[in-house]
Amino acid sequence: MDLIVQDLAAIDDRLSQRHIDLDPAGYFIVYLDRGEGLIYAKHFTNVIDEHGLAVDPETGKVIPARGKVERTYTTVFSGRTAKELSIKIFEQTQTCPVTQLDHAAYLGREFVRAEMALVTGQEYVQD
């Protein structure tokens, strides 16, 4: 059983290193509030420059992928489950803040991971 888990983790780690095109509609920061029993997804807008990098629309500066960035989110979504959160974002918004299918699939995976961490008490770190 441990070998299977290790194999699956290795596949995920390898796939997490691949190149992805960023969604021009923005990105999400996903986190838990254990006290409230909620999964949160903050949406931030961005512009994609000619090099494929996310740029802050207000400052024109490249948004770093790692480290702390001080930005103001445009919308915050919350739900008790991955499904509830997905419905709020993909079905109940006037203009969906996700424009690429791979971004939608990624968010679905992250929301399930966050839900499992919430239920099991494990740590959740967004991939």
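Anything mentioned here points back to the structure above.
The sections below set out a description of the structure shown in this document. Once a new chain begins, its residue numbering starts again from 1 and follows that chain's sequence as written. Residue-level local features of this predicted model are given only where pLDDT is at least 70; pairs of side-chain atoms are given and counted only at 80 or more, and the full residue set underlies all totals for whole chains, interfaces and linings. Hydrogens are left out, water is left out, and the side-chain values use all remaining heavy atoms of the structure.

What to know about a nonpolar patch on the surface
- Nonpolar side chains (Val, Leu, Ile, Met, Phe, Trp, Tyr) within 5 Å and like charges within 9 Å form the patches, drawn only from residues with over 30% relative accessible area and no salt bridge. To measure how exposed things are, a 1.4 Å probe is used in the Shrake-Rupley method; for residues, cover is taken only from the protein chains shown. Whenever Lys or Arg places a side-chain nitrogen within 4 Å of a carboxyl oxygen from Asp or Glu, that contact is recorded as a salt bridge. Together, Ile4, Leu8, Ile11 and Leu15 make up an exposed nonpolar region whose accessible area comes to about 350 Å².
- Only DSSP runs of H or I with at least four residues qualify as helices, and only runs of E with at least two residues qualify as strands; both kinds are numbered from the N terminus onward. By the element assignment, Ile11 lies in helix 1 (residues 2–16).
- Classification of Ile11 by relative accessible area gives partly exposed; the value is 37%. A simple rule labels every residue: compare its accessible area, found with a 1.4 Å probe on the protein chains alone, to the largest value its type can have, and call it buried under 20%, exposed over 50%, or partly exposed in between.

As for the sheet that holds strand 1 (residues 27–33)
- Spatial ordering of the open sheet is given by 1-2-5, a layout of 3 strands whose pairing is antiparallel. A strand with exactly one partner marks an edge of an open sheet, and here the two such strands are strand 1 and strand 5 (75–79). Shown here is a sheet whose adjacent strand axes are inclined to one another by a mean of 20 degrees, direction ignored.
- Bridging between strand 2 (residues 38–44) and strand 5 involves 5 bridges; their strand directions are antiparallel. Within strand 5, the position partnered with Ile39 by the bridge is Gly79.
- Here, two residues are considered to be in contact whenever any of their heavy atoms come within 4.5 Å of each other. Each axis is a line fitted through C-alpha atoms, and for a helix only the stretch in contact is used; angles between axes span 0 to 180 degrees, taken between their N-to-C directions. Against the sheet, helix 3 (residues 101–120) touches strand 1 and strand 2, its axis set at about 10 degrees to strand 1. One bridge is not enough; two strands pair if DSSP finds at least two bridges between them.

Digging into the packing of aromatic side chains
- Each pair of aromatic rings taken from Phe, Tyr and Trp, with Trp reduced to its six-membered ring, is defined by centres within 6.5 Å and is described as stacked if the planes are under 30 degrees apart, edge-to-face if over 60, and tilted in the remaining cases. One pass over the full model with this rule turns up 4 aromatic pairs.
- Each ring, one from Phe28 and one from Phe77, has its centre 6.3 Å from the other, and the planes form 45 degrees; the classification is tilted. Here Phe28 is found in strand 1, whereas its partner Phe77 is found in strand 5, with 49 residues between them in sequence. Grouping residues by exposure puts Phe28 and Phe77 together as buried.
- Between Phe44 and Tyr73, the ring centres sit 6.3 Å apart and the planes meet at 85 degrees, which makes this aromatic pair edge-to-face. Pair noted here: Phe44 is in strand 2 and Tyr73 is in the loop between strand 4 (54–55) and strand 5, with a separation of 29 residues, a long-range link.

What about the pairing of strand 2?
- Along strand 2, 6 of the 7 residues are buried, which leaves the element largely enclosed by surrounding structure.
- Pairing of strand 1 with strand 2 involves 7 bridges; the strand directions are antiparallel. Each bridged residue has a counterpart across the sheet, and for Asp33 the counterpart in strand 2 is Leu38.
- Here strand 1 folds back onto strand 2, and the loop between the two strands holds 4 residues, one of which, Gly37, carries a positive phi near 70 degrees.

A closer look at the pattern of salt bridges
- All chains considered together, the criterion is met by 3 salt bridges.
- The partner of Arg71 in a salt bridge is Asp56, with the nearest N and O atoms 3.1 Å apart. In this pair, Arg71 is assigned in the loop between strand 4 and strand 5 and Asp56 in the loop between strand 4 and strand 5, connecting sequence segments 15 residues apart. Per residue, the accessibility class of Arg71 equals that of Asp56, and both read buried.
- Arg113 is the salt-bridge partner of Glu110, the closest N and O atoms lying 2.8 Å from each other. With Glu110 and Arg113 both in helix 3 and 3 residues apart, the pair spans about one turn of that helix.
- For Arg113, a relative accessible area of 38% puts it in the partly exposed group.

Coordinates in, geometry out; function isn't part of it.
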